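# Chain and residue survey
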Amino acid sequence: MNAKTMEGLAGASASINMMSTPMNVAKEAERKGDTEKMQRALGYAAGLAEQAEKYGEKTSQGMKLEAEEAKEQEKLRQEELAKNQNAGQTGQIKPEKQENADLDTSEISEEGKSHPENGGQACPGAVEGAQNIVYDKAGETVGAALAAGGHVDVSA
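### Quick word on the overall build of the chain
Per the secondary structure count, the chain includes 4 helices and 0 strands. What you see in the chain, going N to C, is helices and strands ordered as α-α-α-α. The burial tally for the chain puts 12% of its 156 residues in the buried class. Put simply, the chain shows about 13300 Å² of open surface, and 51% of that area lies on carbon and sulfur atoms.

### A look at the side chain of Thr59
You can see Thr59 is positioned in helix 2 (residues 35–89). Of note is the side chain of Thr59, whose polar atom sits 3.4 Å from the backbone oxygen of Gly8.

### Here's the deal with the side chain of Thr5
The residue Thr5 is located in helix 1 (residues 3–32) in this model. For Thr5, a relative accessible area of 3% puts it in the buried group. Within the local environment of Thr5, its side chain forms a polar contact with the backbone oxygen of Gly62, the two atoms lying 3.4 Å apart.

### Overview of the environment of Glu28
For Glu28, the location among the structural elements is in helix 1. Given the relative accessible area of 38%, Glu28 is considered partly exposed. Separated by 10 residues in the primary sequence, Glu28 and Met38 have C-alpha atoms spaced 8.0 Å apart.

### Points about the pattern of salt bridges
Per the stated rule, a full pass over the model turns up 3 salt bridges. Between Glu7 and Lys58 there is a salt bridge whose closest N-O contact spans 3.0 Å. Residue Glu7 is found in helix 1, and its partner Lys58 is found in helix 2; the two are separated by 51 residues along the sequence. Relative accessible area serves as the criterion here: at 40%, Glu7 is assigned to the partly exposed category. Notably, a salt bridge pairs Glu28 with Lys32, separated by 3.3 Å at the nearest N-O pair. Of this pair, Glu28 and Lys32 both sit in helix 1, 4 residues apart, which is roughly one turn of the helix. Taking the relative accessible area as the measure of exposure, Lys32 reaches 63% and is therefore exposed.

### Structural notes on a nonpolar patch on the surface
Side chains of Met1, Met6 and Leu9 sit close together on the surface and give an oily, nonpolar patch of about 330 Å² of accessible area. Among the structural elements, Met1 can be located in the segment before helix 1.

### Points about the environment of Asn2
Within the secondary structure, Asn2 sits in the segment before helix 1. Judged by its relative accessible area of 18%, Asn2 falls in the buried class. Here the side chain of Asn2 touches Thr5 through a polar contact of 2.8 Å, side chain to side chain.

### Points about the confidence of the model for the chain
Mean pLDDT over the chain: 79, with 66% of residues reaching 70 or higher. When mean pLDDT is taken per element in the chain, helix 1 scores highest with 93 and helix 4 (residues 142–147) scores lowest with 59.

What counts, and at which threshold
Residues numbered from 1 in each chain as written. Predicted model: local features only at pLDDT ≥ 70, side-chain atom pairs only at ≥ 80, totals over all residues. Heavy atoms only, no water. Helix = DSSP H or I, 4+ residues; strand = E, 2+ residues; numbered from the N terminus. Buried < 20%, exposed > 50% of the residue type's maximum accessible area, 1.4 Å probe, protein only. Areas by Shrake-Rupley, 256 points an atom, 1.4 Å probe, with all protein chains shown as cover. Polar contact = N/O pair within 3.5 Å; in protein donor to acceptor, adjacent residues only side chain to side chain. Salt bridge = Lys/Arg side-chain N within 4 Å of Asp/Glu carboxyl O. Patch = residues over 30% accessible without salt bridge, like charges linked within 9 Å, V, L, I, M, F, W, Y side chains within 5 Å. pLDDT = per-residue confidence, 0-100.

Spelled out as structure tokens, the structure:
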């Protein structure tokens, strides 16, 4: 949404909201029979209605500009797409931006690449003979329970 459209919408809304005050004054003056006060209030209300109409026109202009800009952008996108298709037909496909740029990626470090599971040498800070230890909810090691012949239930 461009600035012209936002200004038009905000101005028209404010003008319509402000128009309620002179209309209430006009109704009160009519009940009291004060025609001068009523005419003045209706004059203010008419002025605010004209102002709201001008803001409405500004909104329409802004929306037309937005539509033109959207058409231009769509046209450029279509031209770029046609250009890429033509390049693809001739075998000269240019690398485009990665479509899934919002996805996370990971990279294996040199240290990880040389890990024993990957056929490399052991990491410099690795402890020899270290094993993975799993703990249950009670804080006991699961490996110790299995070694003792117990059954470990992980369905919790």
